[in-house]
Amino acid sequence: MFVDEVIIKVEAGKGGDGCTSFRREKYVPDGGPDGGNGGAGSNIIFKVDEGLRTLLDLRYNKIIKGKKGANGSGKNQTGKRAEDIIVKVPPGTIVKDLDTDMVIADLTSKNSEAIVAMGGRGGRGNRAFATSLNTAPDISEHGEPGEERTLKVELKLLADVGLVGMPSVGKSTILSMISASKPKIAEYHFTTLSPNLGVVKTIDNRSFVVADLPGLIEGASLGEGLGDRFLKHIERTKVIA
Ligand SMILES: Nc1nc2c(ncn2[C@@H]2O[C@H](COP(=O)(O)OP(=O)(O)OP(=O)(O)O)[C@@H](O)[C@H]2O)c(=O)[nH]1
Ligand SMILES: [Mg+2]
């Protein structure tokens, strides 16, 4: 199934708590503060996977949560930072903050990635609070909460050429002739319900991507036929045919 718009919640990990601890050594009655800082919580990262073509996987995942960083401990040990959560998305994915409509990331190129929610900073341990006036602080911080956001994730296919036309004019047929793609072809209208992509190889060994779209009819902008929402996929093509 082709899914090109998903609303999803992301909650990055909370930072680990700082630690309150004092050095204990034989023959040293008053050891100094040695509580370590907490580790950072997981970032949530979206990363392009060239093998993906739809946002389908995200659809079953209404909420993505990061892990908490480890707490600091005595002997000035900093807690381990939590591993980042990597979410794979298809090339052409645009991530917006649902509340502000601001674009957080536009993931077009191979291997591009973006942090969509930042993990919380670890809290400071008591060692970090030591000053010349207070050499034995018994305070430490909690870790900060991770960033929480509701995202609108959209996919705009990255094709070089988009095939646009009335139903049953042979758009899918053309794609099947010039590329290895095998779209459904039939004599009834609206055979194609979601975009098909095909890679066309030229004689001089270059290639380009063609998108075959559903049929467009008069009144599509008012919702006739399959509507015109799928036209967003040709916003970025170089050629519309
Ligand atoms: N006679 C003739 N028939 C064709 C030609 N190209 C395609 N067809 C036939 O026209 C019908 C529709 O072709 P499709 O490729 O499915 O058309 P489409 O534009 O993708 O249609 P939708 O996906 O429904 O919008 C099929 O039965 C094809 O076999 C052509 O050049 N000549
Ligand atoms: Mg078709």
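Residues numbered from 1 in each chain as written. Chains lettered and ligands numbered in written order. Predicted model: local features only at pLDDT ≥ 70, side-chain atom pairs only at ≥ 80, totals over all residues. Heavy atoms only, no water.

Examining the domain arrangement of the protein
Taken as a whole, the protein is organised into domain 1 (1-155) and domain 2 (161-240). With 10 residues of domain 1 at the contact, the number on the domain 2 side is seven residues. Between domain 1 and domain 2, the buried area comes to about 630 Å², and carbon and sulfur atoms account for 44% of it. Linking domain 1 with domain 2 are six salt bridges, by the criterion used here. The partner of Asp-4 in a salt bridge is Arg-229, with the nearest N and O atoms 3.2 Å apart. At the junction of domain 1 and domain 2, the tally comes to four residue pairs in polar contact (both at pLDDT 80 or more). Each residue belonging to the side of domain 1 that touches domain 2 can be placed in one class, and the counts come to three nonpolar, two polar and five charged. (Domains from an automatic or database assignment. Contact = heavy atoms within 4.5 Å. Buried area = accessible area lost by both parts, 1.4 Å probe. Salt bridge = Lys/Arg side-chain N within 4 Å of Asp/Glu carboxyl O. Polar contact = N/O pair within 3.5 Å; in protein donor to acceptor, adjacent residues only side chain to side chain. Nonpolar A, V, L, I, M, F, W, Y, C, P; charged D, E, K, R; others polar.)

Quick word on the sheet that holds strand S1 (residues 5-11)
The strand order across the open sheet built from five strands is S3-S1-S8-S5-S6, with neighbouring strands paired in mixed fashion. Unpaired on one side and paired on the other, strand S3 (63-65) and strand S6 (103-107) mark the two borders of the sheet. Looking at each pair of strands side by side, their axes are set apart by 25° on average, direction ignored. (Pairing = 2+ DSSP bridges. Helix = DSSP H or I, 4+ residues; strand = E, 2+ residues; numbered from the N terminus. Axes fitted to C-alpha atoms, helices over the stretch in contact; angles between N-to-C directions.)

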